[in-house]
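Understanding the architecture of this molecule
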Amino acid sequence: MLHQWTQEPSEAIALQKRLAGRVERRDRIGEVRLVAGVDVGFERDPAAPENILTRAAVVVLEYPTLTLVERVLHRAPTTMSYVPGLLSFRELPAVLEAFAQLERRPDLVMVDGQGIAHPRRLGIASHLGLWLDLPTIGVGKSRLCGRHDEPPAQRGGWTELTDRGEVIGAVLRSREGVKPLYVSIGHRLGLESSLGWVVACLTRYKLPEPTRQADRLASRRTLAERAGQRALSLNPSDTEPT
DNA sequence: GCGACAG
DNA sequence: ATCTTGTCGC
């Protein structure tokens, strides 16, 4: 499947403004048995180091056991550079290709990035939710916009993330002693429910299992890179043996 | 005009 | 996001 997305900032912004009105901020979700996690990473093309490849990772976990049941890693040429606020236009094409390769359709999707906690209320989690017509949640590791107080120190504590007089998300302490997570509505789930699902998928780490597993897959070193690392640790010297 | 700015 | 080794701490 080929998705030729707009690379024109003005067009992308206009589209975001139109789509934002279609995002559903209330619960519209059925029984959850499969939860997906999405994350994207980048790597240099081994064949042509001057080119950068986008790596879209999607994992599907069974709920509530959080057992991995499926995973897809899709590589595609990177078409657009990173522009704050237009992340989905850079990463979604590859993510959609990955979803197309999935055998099972998840009931809920957690995305590494913002949902409506975005200048035009259409972060990558919301954009993906609309495209797939699935409930989604934005789970970001840092802030794009909005203001907030420091969330309580204990696990599960959270404070509101507000912007222009509107609550656009929550800043959640997913683990003690670590930077909080930025949770926001993606699509078809309210904020309280979104927080509930994220907390329900937390184990012993900072990230909930869906995005943590997707993270591992997206940033996993390639076989060649791992071979290189082994060579380095065995060869404290400089050049690689040929 | 001056900062801020998911990944 | 990615480039990168060791290091401080539970």
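Residues numbered from 1 in each chain as written. Chains lettered and ligands numbered in written order. Predicted model: local features only at pLDDT ≥ 70, side-chain atom pairs only at ≥ 80, totals over all residues. Heavy atoms only, no water.

Describing the environment of L15
Along the chain, L15 turns up in helix α1 (residues 9-20). Linking L15 and L122, residues 107 residues apart in sequence, is a C-alpha distance of 9.7 Å. (Helix = DSSP H or I, 4+ residues; strand = E, 2+ residues; numbered from the N terminus.)

Section: the pairing of strand β4 (residues 108-111)
Along β4, one buried face is formed by L108 and M110 and the opposite face, lined by V109 and V111, is buried too. As paired strands, β4 and strand β5 (residues 136-140) are joined by three bridges and run parallel to one another. What sits directly across from M110, in β5, is I137. Handedness of the β4-helix α3 (residues 124-132)-β5 crossover: right-handed. (Buried < 20%, exposed > 50% of the residue type's maximum accessible area, 1.4 Å probe, protein only. Pairing = 2+ DSSP bridges. Right-handed = clockwise from strand over helix to strand, strands pointing away.)

A word on the protein's contact with DNA strand B
Taken together, 18 residues lie around DNA strand B, and Y82, G85, K141, S142 and R143 are the ones closest in. Protein-adjacent atoms of DNA strand B, using a 4 Å cutoff, are sugar or phosphate at a proportion of 54%. At 3.4 Å, a backbone N or O of L86 approaches a base nitrogen of DNA strand B. Between L87 and DNA strand B, the recorded distance is 3.1 Å, taken from a backbone N or O atom to a base nitrogen. Listing elements by their share of the surface near DNA strand B, those giving two or more residues are β1 (34-44) and α2 (87-100). (Near = heavy atom within 4 Å. Polar contact = N/O pair within 3.5 Å; in protein donor to acceptor, adjacent residues only side chain to side chain.)

Quick notes on the sheet that holds strand β3 (residues 67-77)
If you walk across this open sheet you meet the eight strands as β3-β2-β1-β4-β5-β8-β7-β6, and the pairing is mixed. Two strands bound the open sheet, and with one partner strand each, they are β3 and β6 (158-163). For this sheet, the mean angle separating the axes of adjacent strands, direction not counted, is 25°. The pairing of β5 with strand β8 (residues 181-187) spans five bridges and is classified as antiparallel. Note on β8: the bridge partner recorded for T136 is H187. Sheet strands touched by helix α5 (residues 209-219): β1, β2 (52-62), β3, β4 and β5. Its angle to β2, the strand with the most contacts, is close to 145°. (Axes fitted to C-alpha atoms, helices over the stretch in contact; angles between N-to-C directions. Contact = heavy atoms within 4.5 Å.)

A look at the UniProt feature "site: Interaction with target DNA" (unreviewed entry) in chain A
UniProt records the feature "site: Interaction with target DNA" (unreviewed entry) for Y82 in the present numbering. Tracing the backbone shows Y82 in the loop between β3 and α2. Apart from the residues within four sequence positions on either side, Y82 is in contact with L87 and R90. (UniProt positions renumbered as here; feature names shortened; annotations may be inferred.)

Focus on the protein's contact with DNA strand C
Neighbouring residues of DNA strand C: G41, F42 and K141. Taking F42, its main chain carries an N or O atom lying 3.3 Å from a phosphate oxygen of DNA strand C. Here K141 contributes a side-chain N or O atom positioned 3.3 Å from a phosphate oxygen of DNA strand C.

With respect to α2
Helix length check: α2, at 14 residues, gives a terminal C-alpha distance of 20 Å against a target of 20 Å (1.5 Å per residue), a fit within 8%. Of all the bends in α2, the greatest measures close to 30° and is centred on P93. Of all 14 residues in α2, twelve are buried, a share of seventy percent or more. Looking only at α2, the buried set comprises S88, F89, R90, E91, L92, P93, A94, V95, L96, E97, A98 and F99. In the core, the buried residues of α2 are packed alongside α1, β1, β2, β3, β4 and α3. (Expected span 1.5 Å × (residues − 1). Bend = angle between axes of the 7 residues up to and from the residue.)

Notes on unusual backbone geometry
The phi torsion of most residues other than glycine is negative, and most of the peptide bonds are trans. With an omega dihedral of 10°, the bond running from Y63 to P64 counts as a cis peptide bond. Here P64 is to be found in the loop between β2 and β3. Phi is positive for R121, close to 60°, though the residue is something other than glycine. If you trace the backbone, R121 turns up in the loop between β4 and α3. With relative accessibility at 7%, the residue R121 sits in the buried group.

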